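# Structural features, examined
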Amino acid sequence: MYLVDSHCHLDFAPESERRDVIARARRAGVATLLTISTKLAEFPELIAISETDPDIWCSVGTHPHEAAAEKGASADEISGLTRHPKVIGIGETGLDFHYNHSPREDQETAFRAHAQAAIAAKVPLIVHSRNADPETVAIMAEEKPPAGVIHCFSTGRFLAERALELGFYISLSGIITFKNAEELRAIAHDIPMDRLLIETDAPYLAPMPLRGKTNEPAFLVHTAAFVAKLKGVAMEELAARTSANFFRLFSKAKPPANPS
Ligand SMILES: [Zn+2]
Ligand SMILES: [Zn+2]
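Structural notes, computed from the coordinates. (Residues numbered from 1 in each chain as written. Chains lettered and ligands numbered in written order. Predicted model: local features only at pLDDT ≥ 70, side-chain atom pairs only at ≥ 80, totals over all residues. Heavy atoms only, no water.)

The next subject is the pattern of salt bridges. Side chains carrying opposite charge are able to pair once their charged atoms draw close together. Overall, the coordinates contain eleven salt bridges when judged by the stated rule. A salt bridge links Asp-106 to Lys-71; its shortest N-O distance comes to 3.4 Å. A residue pair is termed long-range when its members are at least 10 positions apart, and Asp-106 in helix α4 (residues 104-121) and Lys-71 in the loop between β3 (56-60) and α3 (75-80) qualify at 35 residues. The class for Asp-106 is buried, based on a relative accessible area of 10%. Taking the relative accessible area as the measure of exposure, Lys-71 reaches 61% and is therefore exposed. Between Arg-112 and Glu-143 there is a salt bridge; the shortest N-O distance is 2.8 Å. (Salt bridge = Lys/Arg side-chain N within 4 Å of Asp/Glu carboxyl O. Helix = DSSP H or I, 4+ residues; strand = E, 2+ residues; numbered from the N terminus. Buried < 20%, exposed > 50% of the residue type's maximum accessible area, 1.4 Å probe, protein only.)

All right, on to unusual backbone geometry then. In this structure, the amide linkage connecting Ala-202 to the following residue, Pro-203, adopts the cis form with an omega of 15 degrees. In this structure, the amide linkage connecting Met-208 to the following residue, Pro-209, adopts the cis form with an omega of 5 degrees. Note that Pro-209 resides in the loop between β8 (196-198) and α8 (220-231). Even without being a glycine, Asn-100 presents a positive backbone phi close to 50 degrees. With relative accessibility at 32%, the residue Asn-100 sits in the partly exposed group. The phi dihedral of Asp-201 falls on the positive side, at around 55 degrees, and the residue is not glycine. Assignment of secondary structure puts Asp-201 in the loop between β8 and α8. For Asp-201, a relative accessible area of 8% gives the class buried.

Here it is, written out as structure tokens:
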């Protein structure tokens, strides 16, 4: 049995600790990691990290927070960067109208460019949506990117249902374990097992009972156990299903040769 962390930020861990973070993940049974790009400017570092290990993959893209700083990045430029064999998806992109670190217009322009890049490169789109569900759905419906994932899903049923209709997968983070996440749990209960992914979004959002600590991929086991219970399946089944979903969606990635 092994787990896949479908969304983490290994480059945010201090370089001196990264090797230990990866080793602890492996010991915990988290065999495959997808480390997510937030800035094109720092993409070379992600490539370097993913090249250190056959089971670490990366994405390429600009986080909505950075949309203003990386304004003007074209779909061609982004799709071109997916030629590297370790780059298996595009993102994280999307809309964050909670923080609004970048103007909405810049976020929307960047989101469309990423969606077009995903079409050109034929790789999944990794979508971040916060306080922007109707706008996120509208752009997805207009641009029609290939199937991807709504990462760190933590909002409403509308986004979940529209995303599933568009062929997207839904990824649950440690938020699902939080005390006040009753509504989220009700939605997650109804997400089909063949569209479900799990993630840490490390170093953020450590799951219960580790909430408040610096998150790391090893902590995925807590979220996995929680989601298994929520879905009424054994941990082994949850692990097998979410891992199979990951490799079906991110078809450039290869399952681990020696998972434990
Ligand atoms: Zn995000
Ligand atoms: Zn992220």
